[in-house]
Amino acid sequence: MSGDVFFRRVGESRDEEESWDTSRAGLWWLMRFIAERVGDPVAAARLAKSVDQELGWLDFGSYTDDEVREMVRVIRDDLPPVVEVEWPPPDEYGAGANFRELIEQTTRWARAHGLL
């Protein structure tokens with residue numbers, strides 16, 4: 001089964017969203033990783049609850065801009081060194097490559113939407 005991150009802001013239609021897909025296990029790992037590092041306890045609790053409920057998506061459009069900024073910061077700043085240790089190059093088609101794609105896509109999307 002797959003897991004998805006939906007890149008959209010509150011109020012944006014789903015027609016306008018971008019997405020990133022991975023395995024459910026990869027998504028849950030990512031959501032736990034973010035929950036442990038965001039500064040907002042409400043966002044952290046919502047992320048942890050989503051994992052506990054085994055949801056298969058993370059929808060940025062369900063969070064405030066400030067919460068999304070925090071999640072983007074974790075993906076951009078905290079995730080890369082962990083990916084490099086856990087899944088070092090060359091990992092062209094595995095989890096490391098997939099997470100590197102997430103980091104790039106998140107950064108590009110956040111910059112385009114004024115969230116950096």
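Here the structure is shown first, and the text comes after it.
This text gives an overview of the structure that appears in the document.

**Digging into the sheet that holds strand β2 (residues 18–23)**
Taken together, three strands build an open sheet; the order of strands is β2-β1-β3 and the sheet is mixed. The open sheet terminates on both sides in strands that have one partner only, identified here as β2 and β3 (57–59). For this sheet, the mean inter-axis angle between neighbouring strands, taken without regard to orientation, is 15°.

**Things to note about helix α2 (residues 41–52)**
The end-to-end C-alpha separation of α2 is 16 Å, in line with the 16 Å expected for 12 residues at 1.5 Å each. A43, A44, L47, S50 and V51 are the residues of α2 that are buried. The buried residues of α2 occupy one face: seen down the axis, they fall within an arc of 125°. The exposed residues of α2 that point more than 90 degrees off its buried face are P41, V42 and D52. Where α2 is buried, its residues meet α1 (24–35), β3 and α3 (65–86). Regarding α2, its N-cap is D40, as a side-chain oxygen of that residue lies 2.8 Å from the backbone nitrogen of V42 further along. One or two steps after α2, the chain reaches E54, where phi turns positive at roughly 60°.

**Focus on the environment of S50**
In this fold, S50 is placed in helix α2. Taking C-alpha positions, S50 is 8.4 Å from W28, a pair spaced 22 residues apart along the chain. Dropping the residues within four chain positions of it, S50 is found in contact with M31 and L55.

**Some remarks on the nonpolar core**
Core analysis: the biggest nonpolar cluster contains 30 residues, and L30, I34, L58, F60, M71 and L79 have the highest contact counts within it. Those elements giving two or more residues to this core turn out to be β1 (2–7), α1, α2, α3 and α4 (95–112). Residue contacts for L79: discarding those within four places in its chain leaves W29, L30, F33, V74, F99, L102 and I103.

About the thresholds
- Residues numbered from 1 in each chain as written.
- Predicted model: local features only at pLDDT ≥ 70, side-chain atom pairs only at ≥ 80, totals over all residues.
- Heavy atoms only, no water.
- Pairing = 2+ DSSP bridges.
- Helix = DSSP H or I, 4+ residues; strand = E, 2+ residues; numbered from the N terminus.
- Axes fitted to C-alpha atoms, helices over the stretch in contact; angles between N-to-C directions.
- Expected span 1.5 Å × (residues − 1).
- Buried < 20%, exposed > 50% of the residue type's maximum accessible area, 1.4 Å probe, protein only.
- Arc of directions from axis to C-beta.
- Contact = heavy atoms within 4.5 Å.
- Polar contact = N/O pair within 3.5 Å; in protein donor to acceptor, adjacent residues only side chain to side chain.
- Core = buried A, V, L, I, M, F, W, Y, C linked by side-chain atoms within 4.5 Å.

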